[in-house]
Amino acid sequence: MIQTLKRILRTGILTETPQPTAPAESSAAQAQEKILKIMGRALCIRQVDAGSCNGCELEIQALNNAYYNSEGAGIKFVASPRHADMLLVTGPVTVNMEEALKRTLEAVPHPRLVVAVGDCGACGGAFGKNYASRGAVADVIPVDGAVQGCPPSPQAILDAIRSVVSSAATERSSRKEGDALPASSCDSVQTRG
Amino acid sequence: MTSDLINVQMESMPSNLPCRRLRVGAVDWCRRAAKLRAGAALLLTIWGADDRDRDGRYRVFAAFLDRDQITVLEHAMDAGAHPTYPSFVEFFPAAARMERAVFDLLGISSTHPDHRGWLRHAGWPKSVFPLRRDADAAQQFAAETEPYAFVQVEGDGVHEIPVGPVHAGIIEPGNFRFSVVGEKVLRLEARLGYTHKGIAKRFESLSLHEGHRLAARISGDSAAAYAWAYCAALEAATQAACPPRAVHLRALALEHERIANHLGDLGALGNDAGFAFGLTHFSRLKEDLLRVNQSIFGARYLMDFIVPGGVAADLSPHAPKRLRAFYASLEEDVASLRGIYENHAGVQDRFRGTGTLTAATAQMLGALGLAARASGIPQDLRATHPWPPYPEIGVAAITQSAGDVAARVALRLDEIFASLGLCRALLDKLPAGEIHAGIPSAAPGTLALGVIEGWRGPVAIALETGPHGGIRRCHAHDPSWQNWPLLEHAILGNIVPDFPLINKSFNLSYSGHDG
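Reading the values: rules and limits
Residues numbered from 1 in each chain as written. Chains lettered and ligands numbered in written order. Predicted model: local features only at pLDDT ≥ 70, side-chain atom pairs only at ≥ 80, totals over all residues. Heavy atoms only, no water. Helix = DSSP H or I, 4+ residues; strand = E, 2+ residues; numbered from the N terminus. Contact = heavy atoms within 4.5 Å. Areas by Shrake-Rupley, 256 points an atom, 1.4 Å probe, with all protein chains shown as cover. 1 Å grid on protein atoms, 1.4 Å probe; cavity = no way out; pocket = protein on both sides within 12 Å on 5 of 7 lines; lining within 4 Å. Points joined across faces, edges and corners; volume = space filled by probe spheres on them. Nonpolar A, V, L, I, M, F, W, Y, C, P; charged D, E, K, R; others polar. Polar contact = N/O pair within 3.5 Å; in protein donor to acceptor, adjacent residues only side chain to side chain. Expected span 1.5 Å × (residues − 1). Buried < 20%, exposed > 50% of the residue type's maximum accessible area, 1.4 Å probe, protein only. Pairing = 2+ DSSP bridges. Salt bridge = Lys/Arg side-chain N within 4 Å of Asp/Glu carboxyl O. Phe/Tyr/Trp six-rings, centres within 6.5 Å; stacked < 30°, edge-to-face > 60°. Lys NZ or Arg CZ within 6 Å of the ring centre and 35° of its normal. Axes fitted to C-alpha atoms, helices over the stretch in contact; angles between N-to-C directions. Domains from an automatic or database assignment. Buried area = accessible area lost by both parts, 1.4 Å probe.

(A) Spotlight on the overall build of chain A. Looking only at helices and strands, chain A has seven helices and five strands in total. Taken from N to C terminus, the helices and strands of chain A fall in the order α-α-β-α-β-β-α-β-α-β-α-α. Restricting the contact set of chain A to residue pairs at least 6 apart, pairs at least 24 apart contribute 82%. For chain A, the accessible surface area stands at approximately 8,400 Å², while carbon and sulfur atoms represent 54% of it.

Now the structure itself:
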């Protein structure tokens, strides 16, 4: 026990002040404040792997480590879609996961948000579309935002979550749920390396 | 029955390991398999190919890990209405699912009686075999639903618990069917294939020089292992030489990948045993390593570091010093956390005697890699079949004997220290020179095999070159194929709440398996 306590004290607090990687209209702290203002509690996220290579899952898991401390910042991963405000979906969506993904979405109460994670979730990535893959998440269920990268860094995922919540709050009244992403958002993936 | 001498053609096959290829008839397909089993060889992988455009035949291949080499059996069959080959599930139980997968993709069936779809759920019609050359890669089908006949357990008080495919965590999808009495598990049957992305078909649309990028994304946690296996196969097929410095850097990347995964698993295992402290501290160390990767290799996960002919980036002059300092602090931290885990009665109570896989069962089922080593079987290609740079560095296969969760935890800890030692040795012996060499063009129709011991076990890529620098066929294999059935045995007699812990202690790949 004494070793455990010593270790905790020696390690100290590692949580970093969020630094948005992309220029956002507001700082991460403000976005966070906005989340709390809108939700009045933690944002609950259900992650769904709809066919990914597991790379994105590893980076999403990293959000819970001491450096990113997403739970400390009011973003919580939950076990049931019925407890969720947001689905975080990695792809490409396989035909074998299509039904499970749709049913998971149905189980999420309204209002709800969907964020596609990674090059594959956003655009189909290295796998594209074929007999077994439907490609991007937006081709299967309505998506509110996406973050690219293979895999995207934890900070980029965090920024995407915050920006989707904050833009949904300002736009929801004027926007139909699940408008598709602009088609141009995938160009950068297809032409890359 | 004719003699082997008449019936079998033997030739050496391009690979990063000593490898021979035997063309056999149906009878010898089984006789050879029986002989290999008797000689304690391990089944590495099975794959099929549609060569009707070339000689009107289908082919099935099986690669085995023999004592001092890899043996690849090849059997060709005429393309009739029902091309069939003999099953060797009786010698290698792990073949059962692989044979089902070969049928799902190519429509060539083994004689084994289990005909349930494995990779095909109901996402494409039964009459469509997507890996056949005349199947349109871009064609999509409306998904249907088909029931799956799980094996039923009957008796007083037996009930079923279905779990998945969407799991209650940030993990990959798969379906587990538990048959239980009270809390006790009588039977577990897994149904996988949910993340089947058609990778093999996708490979066939790529050129040989871009296949490594897709290979690295077969299982994101084993990116370096798969990319290396692909490059090893391509380099063997083209007789290209990878510069010595690049070879060392590849191994450095592979060992970093091993350490990162072990750190992540050790944290998750502590958490699953109710010790959140373990997760906090091990995931912090993993993050530290990923950040070191970012600054040294240019990426947290090494998706595009290993490329055909070498590696994508060199170490900066200051990197070795920085890495050595990091290794020292990591070693100290892990040693201290090991002490805490080992002295924590609650954690040890959950770990010990849980999910035991006996050496006999592991042997019978053909366990590979980490899962085999935790049950006392010294299967580690880096030690038993070393490929450059490992002969120069020298690796000993580390084992634990108990076969339980505690053994798989202890093995990961042992391997972190061993890998840190290997990383230091790789830096000490890091040759000067180029990090990249050109790849000559490949003669079409060359079949080569790349096998790399990843952190879970050996990953294999069988690559056949096509005309105009394209890929004719590329088969990727994850050791999880062999190791998923182990989980179904290790759970027997344990209680349902221990499943997450036991499952995590194996931490098998869904994506790598499903393809």
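(B) Structural detail: the layout of surface pockets. Empty space within the largest pocket amounts to approximately 1,300 Å³. Around the largest pocket sit 50 residues that line it, and A:Q61, B:G169, B:I170, B:I171 and B:K504 are the ones nearest its centre. The set of elements that each furnish at least two residues to the lining of the largest pocket consists of β1 (43-49), α3 (55-62) and β2 (75-77) of chain A together with β8 (158-163), β9 (175-181), α8 (244-272), α9 (276-297) and α18 (499-506) of chain B. At nine residues, the largest contribution of residues to the lining of the largest pocket is made by α8(B). Along the lines of polarity and charge, the residues of the lining of the largest pocket split into 25 nonpolar, 14 polar and 11 charged.

(C) Fine view of the side chain of B:S375. Residues and elements named next belong to chain B. Of note, S375 is situated in the loop between α13 (369-373) and α14 (381-384). One polar contact links the side chain of S375 to the main-chain carbonyl oxygen of L357, over a distance of 2.7 Å. Non-local contacts of S375, meaning those with residues more than four positions away in its chain, are made with L357, T358, A359, A362, Q400, S401 and G403.

(D) Structural detail: helix α4 (residues 95-106) of chain B. Residue and element names in this part refer to chain B. Taking 1.5 Å of rise per residue, the 12 residues of α4 would be expected to cover 16 Å, and the 16 Å separating its terminal C-alpha atoms lies within 8% of that figure. Counting buried residues in α4 gives 11 out of 12 residues, a clear majority hidden from the surface. Looking at α4, one finds that the buried residues are A95, A96, R97, M98, E99, R100, A101, V102, D104, L105 and L106. After α4 finishes, the residue G107 shows a positive phi value of roughly 75°.

(E) Region of interest: the pairing of strand β10 (residues 184-191) of chain B. Residue and element names in this part refer to chain B. In this sheet, β10 lies alongside β9 in antiparallel orientation, the contact comprising seven bridges. Of the residues in β10, the one forming a bridge with R177 is E189. Where β9 folds back onto β10 in an antiparallel hairpin, the turn is made up of two residues, including G182, whose phi is positive at roughly 60°.

(F) Local environment of the pattern of salt bridges. Residues and elements named next belong to chain B. This model, assessed by the stated rule, comprises 55 salt bridges over all chains. The closest approach of N and O atoms between E74 and R59, which form a salt bridge, is 2.9 Å. Linking E74 in strand β5 (residues 70-78) with R59 in strand β4 (residues 57-65), this pair joins segments that are 15 residues apart in sequence. There is no split in this pair, since E74 and R59 are both buried. The salt bridge partner of R97 is E488, with a shortest N-O separation of 2.6 Å. Taken together, the positions of R97 in helix α4 and E488 in helix α17 (residues 480-490) put the pair 391 residues apart, joining distant regions of the chain. As far as burial versus exposure is concerned, R97 and E488 are alike and both buried.

(G) Just the packing of aromatic side chains, in detail. Following the criterion strictly, the structure yields 23 aromatic pairs over all chains and no others. Taken together, a centroid distance of 5.4 Å and an interplanar angle of 70° make the contact between B:F282 and B:Y341 edge-to-face. With B:F282 in helix α9 and B:Y341 in helix α10 (residues 319-342), this pair connects stretches of sequence that are 59 residues apart. In terms of burial, B:F282 and B:Y341 fall into one category: buried. If you follow B:K197 out to its NZ or CZ, it ends over the ring of A:F127, 5.3 Å from the centre.

(H) Structural view of the sheet that holds β4(B). Residue and element names in this part refer to chain B. Ordered by their spatial adjacency, five strands build an open sheet running β1-β2-β5-β4-β3, and the pairing between neighbours is mixed. The open sheet is flanked by β1 (9-12) and β3 (42-51), the only strands paired with a single partner. This sheet shows a mean twist of 20° between the axes of neighbouring strands, independent of strand direction. In the sheet, β1 pairs with strand β2 (residues 19-23) via four bridges, with the strands oriented antiparallel. Bridge assignment links S12 to a residue of β2, and that residue is R20. With respect to the sheet, helix α2 (residues 26-38) is in contact with β2, β4 and β5, its orientation differing from that of β5 by roughly 160°.

(I) Broad picture of the domain arrangement of chain B. Residue and element names in this part refer to chain B. What the domain assignment lists for chain B is domain 1 (4-110) and domain 2 (200-514). Taking the mean C-alpha position of each, domain 1 and domain 2 sit 26 Å from one another. Listed as interface residues are 34 residues of domain 1 and, on the opposing side, 33 residues of domain 2. Counting the surface lost from both domain 1 and domain 2, the interface buries some 2,600 Å², and carbon and sulfur atoms represent 62% of this. The tally of links between domain 1 and domain 2 comes to four salt bridges. Ionic pairing is found between E464 and R54, a salt bridge with its closest N-O pair at 2.9 Å. Summed over the shared surface of domain 1 and domain 2, the number is 17 residue pairs in polar contact (both at pLDDT 80 or more).

(J) Region of interest: the sheet that holds strand β13 (residues 447-453) of chain B. Residues and elements named next belong to chain B. Taken together, the three strands give an open sheet; going across it, the order is β13-β14-β15, and neighbouring strands pair in antiparallel fashion. With partners counted over all chains shown, the strands left at the sheet margins are β13 and β15 (471-477), one partner each. The mean angle between the axes of side-by-side strands here comes to 15°, regardless of whether they run parallel or antiparallel. Bridge analysis of β13 against strand β14 (residues 458-465) gives seven bridges, and the strand direction is antiparallel. Along β14, the bridge assignment pairs E453 with P458.

(K) Representation of the interface of chain A and chain B. Taken together, the 50 residues of chain A in the interface contact 57 residues of chain B. Of the roughly 4,400 Å² buried between chain A and chain B, counting both surfaces, carbon and sulfur atoms make up 57%. Its largest share of buried area at the contact with chain B, chain A owes to A:R7, A:N96 and A:Y131, together 20% of the area lost on that side. Linking chain A with chain B are four salt bridges, by the criterion used here. B:R291 is the salt-bridge partner of A:E16, the closest N and O atoms lying 2.5 Å from each other. Taken together, the links from chain A to chain B amount to 28 residue pairs in polar contact (both at pLDDT 80 or more). When residues of the side of chain A that touches chain B are traced back to their parent elements, those giving at least two are α1 (2-11), β1, α3 and α4 (95-106) of chain A. Per-element tally for the side of chain A that touches chain B: the top contributor is α3(A), with seven residues. The residue makeup of the side of chain A that touches chain B, split by class, is 22 nonpolar, 18 polar and 10 charged.

(L) Main features of the side chain of A:N54. Relative to the elements of secondary structure, A:N54 occurs in the loop between β1 and α3. Among the residues examined, A:N54 registers a relative accessible area of 7% and is labelled buried. A polar contact of 3.0 Å, which involves the side chain of A:N54, links it to the side chain of B:D221. Excluding anything up to four places from it in sequence, A:N54 contacts B:E172 and B:D221.

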